[in-house]
Amino acid sequence: MPTPSMNRYNIDKVSPKACRDDIIEIMQRNLRHEAAAAIFAWRYENTPYGSAECWMARIGPNGPAVGSAALFQRVFHVAGRPCMVFVAGDFSVDQPHRGFGPAFMLQRRILSDIKGKSGCAWLYGIPNDKSRALFTKLGYRTVGCFRKYLKILKVDYVYKKLNITPNVFMKLLGTVIGALSRERFYRRPKGISVESPDAFDSRFDSLWMAVKHQYPVIGERTAAFLTWRYSELSGKTYKIFCLTRDGILAGYVVYLLLDGLCHVVDLLCFRDRRIVECLISEFSLRMRADGIEAISIRYFGSEYLDGCLRKYNFFRRGKDNDQIMVYEIESGETVGSLENEEKWYFL
């Protein structure tokens, strides 16, 4: 890899299709994506909202590519109105060039190019620790942090984490704690049933249309989006758990199972505490029955969901390091809604 000294970096907006190989190589070098080619096709070319926009840093006008960044389109509903936003992602610069300016130059060029772009009021990103200061310098504002929750279903999870061998007393304690978990006292209300479909069908569109106005700031969750997000990228097998009320879809959970741990990646239902608690209870009972050791969920937004999680024995864990940062392209009532964490619903 050429050294950066005495070289001039060129920052250009590029066609993802024309620069496919360069982008994939940068992803492999810096983001450690083992399936970079598949991720590129999924994220850059085959999204429900159109192809990604991409910028690249090179040494000189025709030199090697040493960094890239992209914007991905997504629809959010803010204050009851749909709006197209950009998601800043896949930002990476090769190690030898990280102290010489291309990272800042890339992001500054992106913001310069999108200012005045019609149809988009704001963009957001979730930068890592190393990029956060750069994003702040460029004018991004932190609106909040993801909160991480964990619910232990089997004490085996604790034994593994602490690398200890359980004794009789510890096993007995685990049994008692499990028996006292909130969902153990749950009784299924009349009209409630659960199922695990293999796909996101038209019922998910109906649910989305029914609940989207109940959440002031929320990303679109149509059946088409959910199918793209959780079914079209090979390598991960996401599962679906649904709650119905009188035969109508009232809520769902999308989750991933890894080494005995259930990772909840999406959860949506009517903004009705009874429905939320039914969904959490039913899902927890299903995971217990399946022998899962713990359930984790990452969430940012109103205390509404936090309260339900805590009630059902989810506890906060770790530090809230993952910050959601927003950059305003144009001011207005829509953007003003982003300042209030209580209005968000973001997983």
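Notes on the structure follow. The shown structure was predicted, so the numbers you read here are calculated from the model rather than taken from an experiment. (Residues numbered from 1 in each chain as written. Predicted model: local features only at pLDDT ≥ 70, side-chain atom pairs only at ≥ 80, totals over all residues. Heavy atoms only, no water.)

1. Remarks on the environment of Asn30
Our working rule: Working definition: helices are DSSP H or I runs of at least four residues, strands are E runs of at least two. Numbering for both runs from the N terminus. Exposure categories follow from relative accessible area, calculated using a 1.4 Å probe and restricted to protein chains: below 20% of the type maximum is buried, above 50% is exposed, and the middle band is partly exposed. Pairing of N or O atoms within 3.5 Å defines a polar contact, subject to two protein rules: one partner must be a possible hydrogen donor and the other a possible acceptor, and residues neighboring in sequence count only if both atoms are side-chain atoms.
Of note, Asn30 is situated in helix H1 (residues 20-30). Asn30 gets classed as buried once you look at its relative accessible area, which sits at 16%. In this structure the side chain of Asn30 is engaged in a polar contact, spanning 2.8 Å, whose partner is the side chain of Asp94.

2. Things to note about the pattern of salt bridges
Threshold: Any Lys or Arg side-chain nitrogen found within 4 Å of a carboxyl oxygen on Asp or Glu counts as a salt bridge.
Scanning all chains against the criterion turns up 21 salt bridges. Residues Lys311 and Glu277 are paired through a salt bridge, measuring 2.9 Å at the closest nitrogen-oxygen approach. Of this pair, Lys311 sits in helix H10 (residues 303-311) while Glu277 sits in helix H9 (residues 273-289), placing them 34 residues apart in sequence. The buried category is assigned to Glu277, whose relative accessible area is 12%.

3. Some remarks on helix H4 (residues 129-138)
Operational definition: Whether two residues are in contact is decided by their heavy atoms, any of which lying within 4.5 Å being enough.
Of the positions making up H4, those classed as buried are Ser131, Arg132, Leu134, Phe135 and Leu138. Buried residues along H4 sit against strand S4 (81-93), helix H3 (102-114) and strand S15 (323-328). The N-capping residue of H4, defined by a side-chain oxygen 3.1 Å from the backbone nitrogen of Lys130, is Asn128. Immediately downstream of H4, the backbone of Gly139 shows phi near 115°, a positive value.

4. With respect to the pairing of strand S3 (residues 65-78)
Defined as follows: DSSP-based pairing: two strands are paired if at least 2 bridges between them are found.
Taken across its 14 residues, S3 has 13 buried, putting it largely inside the fold. In this sheet, S3 lies alongside strand S2 (residues 53-59) in antiparallel orientation, the contact comprising six bridges. Looking at S3, one finds that Glu53 is bridged to Leu71. Hairpin connection from S2 to S3: five residues lie between these consecutive antiparallel strands, with Gly60 at a positive phi of about 75°. Relative to S4, S3 runs antiparallel, the two sharing eleven bridges.

5. Quick look at the packing of aromatic side chains
Centre distance and the angle of the planes are the two values used to describe a pair of aromatic rings. For the record, the criterion: Think of it this way: a Phe, Tyr or Trp ring, Trp meaning its six-membered ring, pairs with another when their centres are within 6.5 Å, and the plane angle makes it stacked under 30 degrees, edge-to-face over 60, tilted otherwise. Throughout this description, the term charge over a ring refers to an Arg CZ or Lys NZ atom that lies within 6 Å of the ring centre and within 35 degrees of the ring normal.
Per the counting criterion, the structure on display carries 26 aromatic pairs. Pairing Phe76 with Phe346 gives two aromatic rings, centres 6.1 Å apart and planes at 70°, and the pair type is edge-to-face. Here the residue Phe76 occupies a position in strand S3, and Phe346 occupies one in strand S16 (residues 344-346), the gap between them amounting to 270 residues. Its relative accessible area of 0% is what places Phe76 among the buried residues. Ring geometry for Phe200 versus Tyr230: centroids 6.4 Å apart, planes at 45°, classification tilted. Taken as a pair, Phe200 in the loop between strand S8 (192-195) and helix H7 (202-211) and Tyr230 in helix H8 (residues 223-231) lie far apart in primary sequence, 30 residues in all. In this pair, the class of Phe200 matches that of Tyr230, namely buried. One aromatic cluster is present, formed by Phe76, Trp122, Tyr124, Phe146, Phe300, Trp344 and Phe346 through successive ring pairs. Taking NZ or CZ as reference, Lys137 lies 5.0 Å from the ring centre of Phe104, over its face. Over the ring of Phe146 we find Arg298, and its NZ or CZ is 3.8 Å from the ring centre.

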